[in-house]
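Structural features, examined
Here is what each chain is made of, one letter per residue.
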Amino acid sequence: MFLHHSQHAAVDRLLADGAIGQLRGFSAAFTIPPLPESNIRNHADLGAGALLDVAVYPVRAALRFLGPRLEVVGATLREADGVVRSGSALLVTPEGVPAQLTFGMEHAYRTEYALTGSTGRLRLDRAFTPPPGHQPVIDVTRQDHREQITLPPDDQFARIVAAFVREVRGEAPAERTASAAESRRVAETIDALAARAARTKAPGDVS
């Protein structure tokens, strides 16, 4: 649903206008505090864990900004009781632009991405889960100054419901969000991350 928030289109415009020069790197993080053991995200038999829950967001953002040819070159996953609790990954485009991703369910809350360019850096907080009344702030840092751009609030949940209704009615989409091919690419990237990852067990884990 985060793809439907207008803050990402604002980032697109800044990049297109050369706000940070040529893109040199991307980083993203989505981490949440530990959940009660009764939470569905902690049940291994139900496909739980950070990889299939929060990791999808930074992966999808990386593919959105760097393109579908991103490849996983390294990853690590931390497990406990058969559930992935956290992890990180390094992906890279054929041109050598890296994406550094962090995700987990045992951290302080964090949801952000940043793009580094040849002349500056752009950062967006509350990138994946902004509440409807939240006014996003894009932080743009260049060598000689820093600018904070405040955007109007938006409701990504209302937008995704409206997009679903338009799809059912056969109406033209109001804006481009994602295709089936892009969704498949996210799944393929998650699978590649899992296959490449070095896995460690949390202290005390006996699974």
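Let me begin by describing the structure that accompanies this report.

Analysis parameters
- Residues numbered from 1 in each chain as written.
- Predicted model: local features only at pLDDT ≥ 70, side-chain atom pairs only at ≥ 80, totals over all residues.
- Heavy atoms only, no water.
- Helix = DSSP H or I, 4+ residues; strand = E, 2+ residues; numbered from the N terminus.
- Buried < 20%, exposed > 50% of the residue type's maximum accessible area, 1.4 Å probe, protein only.
- Arc of directions from axis to C-beta.
- Contact = heavy atoms within 4.5 Å.
- Phe/Tyr/Trp six-rings, centres within 6.5 Å; stacked < 30°, edge-to-face > 60°.
- Lys NZ or Arg CZ within 6 Å of the ring centre and 35° of its normal.

**Structural notes on unusual backbone geometry**
Even without a glycine there, the phi angle at Asp81 is positive, about 55°. Summarising the element assignment, Asp81 is placed in the loop between strand S2 (71-80) and strand S3 (83-92). With phi around 50°, Arg126 is a residue other than glycine that occupies positive phi space. Looking at where Arg126 falls in the secondary structure, it is placed in the loop between strand S6 (120-125) and strand S7 (137-142). A relative accessible area of 26% places Arg126 in the partly exposed class.

**Regarding helix H1 (residues 7-16)**
All of the buried residues in H1 are Gln7, His8, Ala10, Val11 and Leu14. Taken down its axis, H1 places every buried residue within 155° of arc, on the same side. In H1, the exposed positions angled more than 90 degrees off the buried face are occupied by Arg13 and Ala16. Packed against the buried residues of H1 are helix H2 (56-66), strand S5 (110-117), S6, S7 and strand S8 (146-150).

**Let's talk about the packing of aromatic side chains**
Counted by the stated rule, this structure contains 10 aromatic pairs. Considering the side-chain rings of Tyr113 and Phe128, the 6.4 Å spacing of their centres and the 50° angle between planes classify their relative orientation as tilted. With Tyr113 in strand S5 and Phe128 in the loop between S6 and S7, this pair connects stretches of sequence that are 15 residues apart. Phe128 shares its class with Tyr113; the two are buried. Over the ring of Phe65 we find Arg64, and its NZ or CZ is 4.8 Å from the ring centre.

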